[in-house]
Amino acid sequence: MVDLLGQYDKIQEQVDSKILEVVKSGAYINGPEVHNFQKELENYLGVKNVIPCANGTDALQIAMMGLGLKPGDEVITVDFTFAATVEVIALLQLTPVLVDVEKDTFNMNIEALKKAITPKTKAIVPVHLFGQCANMEAILEVANKHNLFVIEDTAQAIGASYTFKNGTKKKAGTIGNVGTTSFFPSKNLGCYGDGGAIFTNDDELAHTLRGMVNHGMYKRYYHDVVGVNSRLDSIQAAILNLKLPHLDAYCDARRKAARYYNNAFKNEQNIVTPKMGNGCNFICDTCDCHVFHQYTIQVLNGKRNELHQHLLDNGIPNAIYYPVALHSQKAYSDSRYKEEDFKVTNELIDTVLSLPMHTELDNEQLDFITKTILDFIK
Ligand SMILES: *Cc1c(COP(=O)(O)O)cnc(C)c1O
């Protein structure tokens, strides 16, 4: 699905010498590399504060702690996503409220969001799934009307942009009260271990979060709030400092592969290719609405599982993201949920298939992948 070594090959010399430099510096946690990375990422995103932390799951948890959410508060998120999002809501003893997604974009369904709001609702967590922003304009409208926090899970969409109707353009993760991301190796900006970050334009919240990631300390050994141990290693920050300048090129390479796929499948009725939200018809060279963390098709002829196996048999990696809806997971099932409220997710788990998507795909590989798929589907 990814070619991390192929990507490493191209920056190997710099990475190797930088890692050695960090080892010899003796500053392994929160050293100068972490501080530099924080500043560089703030510049790249156009956000006032980046708070690096240990991983994308912690980033979500700490963001919710920083906003002061309390047990019993309801937090609305989507049924169709990676479990980390709902996991931290449950861990903090908040009440997760799952809602259905849109079939076109795989992102939060706004009507379902509106329906799920109660007097206990405190926050909305849109997940920018597969690399494209949820409908943030509508989500902000709902949040403003009901006085709710918006926490953007940007683990899959760093580098993507969102354009409002009035033309204002913002980077994913900098639109709501707070945004979170992950630098897990296979993410669009991946380090060589675990890493994550929180973004916010709210300076007061940023101050709270900076202490929370480090045991609630604002002054060494004075613990003002309950915190956690969630810091970014200097080695990972050094790698991210080397990779951040390539992020836009990495996203372009992914979009190029996406265009190839789109074009190959455009006349095949049994394959639905990814749709762009936000009025964008994409695929122009400069469009940065979608950064294709995943390229996910819907297989309509009922043969998704067969195609999945056929591709594996031909040495083509592919995966089902996600095979089980969160409301059907043992850990997160709840008698409050009604199946008819999750029609789209229940359908997607039977039809979606994610194809190889990374920065190193070449036309020969794409040709082989698409031909193998089309030969099978026809
Ligand atoms: C990867 C991911 C996370 C968690 O990130 P980690 O760094 O692995 O903890 C959270 N949400 C989504 C949508 C993700 O894809």
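Residues numbered from 1 in each chain as written. Predicted model: local features only at pLDDT ≥ 70, side-chain atom pairs only at ≥ 80, totals over all residues. Heavy atoms only, no water.

Trainee: Let's hear about the sheet that holds strand β14 (residues 352-355): which residues, and what values?
Mentor: Hydrogen bonds between backbone groups are what pair the strands of a sheet, and the pairing can be parallel or antiparallel. Taken in spatial order, the 3 strands of this open sheet run β12-β13-β14, and their pairing is antiparallel. Both edges of this open sheet fall to β12 (271-272) and β14, since each of them pairs with a single strand only. With 2 bridges joining them, β12 and strand β13 (residues 295-299) adopt antiparallel strand pairing. Paired with isoleucine 271 across the two strands is valine 299, which belongs to β13. With respect to the sheet, helix α10 (residues 304-313) is in contact with β13 and β14, its orientation differing from that of β14 by roughly 20°. (Pairing = 2+ DSSP bridges. Helix = DSSP H or I, 4+ residues; strand = E, 2+ residues; numbered from the N terminus. Contact = heavy atoms within 4.5 Å. Axes fitted to C-alpha atoms, helices over the stretch in contact; angles between N-to-C directions.)

Trainee: Outline the site of the ligand, supporting the account with residue identities and numerical values.
Mentor: In the vicinity of the ligand, the residues found are Asn55, Gly56, Thr57, Thr81, Phe82, Ala84, Val127, Asp153, Ala155, Gln156, Ser182 and Lys187. Aspartate 153 is positioned such that a nitrogen or oxygen atom in its side chain is 2.8 Å from a nitrogen atom of the ligand. Side-chain polar atom of glutamine 156 to an oxygen atom of the ligand: 2.8 Å apart, as the coordinates give it. Protein contacts shield 91% of the accessible area of the ligand, which totals 380 Å² for the unbound molecule. (Near = heavy atom within 4 Å. Polar contact = N/O pair within 3.5 Å; in protein donor to acceptor, adjacent residues only side chain to side chain. Areas by Shrake-Rupley, 256 points an atom, 1.4 Å probe, with all protein chains shown as cover.)

Trainee: So what's going on with empty space enclosed by the protein? Residues and values would help.
Mentor: Here the structure, examined in full by the defined rule, presents 3 cavities of 30 Å³ or more. What the largest cavity holds in volume is close to 80 Å³. Taken together, 13 residues form the lining of the largest cavity, with Leu4, Gln7, Lys187, Arg254 and Thr359 sitting closest to its centre. Its residues placed into classes, the lining of the largest cavity shows 3 nonpolar, 6 polar and 4 charged. Counting contributing residues, the lining of the largest cavity receives three or more from each of domain 1 (4-100 + 107-245) and domain 2 (247-377). (1 Å grid on protein atoms, 1.4 Å probe; cavity = no way out; pocket = protein on both sides within 12 Å on 5 of 7 lines; lining within 4 Å. Points joined across faces, edges and corners; volume = space filled by probe spheres on them. Nonpolar A, V, L, I, M, F, W, Y, C, P; charged D, E, K, R; others polar. Domains from an automatic or database assignment.)

Trainee: Give a detailed account of the side chain of aspartate 100, specifying residues and quantitative values.
Mentor: On the secondary structure map, aspartate 100 appears in the loop between β3 (95-99) and α5 (110-116). One polar contact links the side chain of aspartate 100 to the main-chain amide nitrogen of valine 344, over a distance of 2.9 Å. Contact partners of aspartate 100, with chain neighbours within four places excluded, come to Met108, Asn109, Ala112, Asp341, Phe342, Lys343, Val344 and Thr345.

Trainee: Go over unusual backbone geometry with me, naming the residues and quoting the values.
Mentor: Look at the link from tyrosine 321 to tyrosine 322: it is a cis peptide, with omega at 10°. With respect to the helices, strands and loops of the structure, tyrosine 322 is situated in the loop between α10 and α11 (343-351). Notably, phenylalanine 106 is not glycine yet its phi reads approximately 70°, a positive angle. Within the fold, phenylalanine 106 resides in the loop between β3 and α5. Despite not being glycine, asparagine 147 has its phi angle at roughly 60°, a positive value.

Trainee: Break down the layout of surface pockets for me, citing the residues and quoting the values.
Mentor: In this structure, the largest pocket occupies an estimated 480 Å³ of space. Lining the largest pocket are 26 residues; nearest its centre among them are Phe82, Gln156, Phe184, Lys187 and His293. Elements represented by at least two residues in the lining of the largest pocket include exactly α3 (56-66) and α4 (84-91). In terms of residue class, the lining of the largest pocket is made up of 11 nonpolar, 11 polar and 4 charged. Two domains each put at least three residues into the lining of the largest pocket: domain 1 (4-100 + 107-245) and domain 2 (247-377).

Trainee: Give me the pairing of strand β2 (residues 74-78): which residues, what numbers.
Mentor: Of all the 5 residues making up β2, 5 are buried; the element is thus mostly covered by neighbouring parts of the structure. Of the two faces of β2, both are covered, the one formed by Glu74, Ile76 and Val78 as well as the one formed by Val75 and Thr77. Relative to β3, β2 runs parallel, the two sharing 5 bridges. Residue pairing across strands places threonine 77 opposite leucine 98, the latter belonging to β3. Between β2 and its parallel partner β3, the chain crosses via α4, and the hand of that crossover is right-handed. Both β2 and strand β4 (residues 121-125) contribute to a ladder of 4 bridges, which runs parallel. In the strand pairing of β4, glutamate 74 is matched with threonine 121. (Buried < 20%, exposed > 50% of the residue type's maximum accessible area, 1.4 Å probe, protein only. Right-handed = clockwise from strand over helix to strand, strands pointing away.)

Trainee: Report on a nonpolar patch on the surface, specifying residues and quantitative values.
Mentor: The grouping of Val23, Tyr28 and Ile29 at the surface amounts to a nonpolar patch, some 270 Å² of accessible area in total. Positionally, valine 23 belongs in helix α1 (residues 4-25). The class for valine 23 is partly exposed, based on a relative accessible area of 39%. (Patch = residues over 30% accessible without salt bridge, like charges linked within 9 Å, V, L, I, M, F, W, Y side chains within 5 Å. Salt bridge = Lys/Arg side-chain N within 4 Å of Asp/Glu carboxyl O.)

Trainee: Got a sec to walk through the packing of helix α2 (residues 32-45) against helix α8 (residues 234-243)? Specific residues and values, please.
Mentor: Direction vectors running N to C along α2 and α8 enclose 40°, while the axes themselves pass 8 Å from each other. Regarding the angle of α2 to α8, the classification is oblique. With respect to the hand of their crossing, α2 and α8 are arranged in left-handed fashion. In this structure, α2 uses Glu33, Val34, Asn36, Phe37 and Glu40 to contact α8, whose residues at the interface are Ser234, Ala237, Ala238, Leu240 and Asn241. (Parallel < 35°, antiparallel > 145°, perpendicular 65-115°, else oblique. Left-handed = near helix turned anticlockwise from the far one by under 90°.)

Trainee: Requested: an account of the domain arrangement of the protein chain, with residues and values cited.
Mentor: Split by domain assignment, the protein chain resolves into domain 1 (4-100 + 107-245) and domain 2 (247-377). Relative to domain 2, the C-alpha centre of domain 1 lies at a distance of 24 Å. Domain 1 puts 43 residues into the contact, and the matching count from domain 2 is 35 residues. Buried surface at the junction of domain 1 and domain 2, both sides included, amounts to about 3,300 Å², of which 51% is carbon and sulfur. On the domain 1 side of the contact with domain 2, Phe80, Phe130 and Asn188 bury the most area, a combined 23% of that side's loss. (Buried area = accessible area lost by both parts, 1.4 Å probe.)

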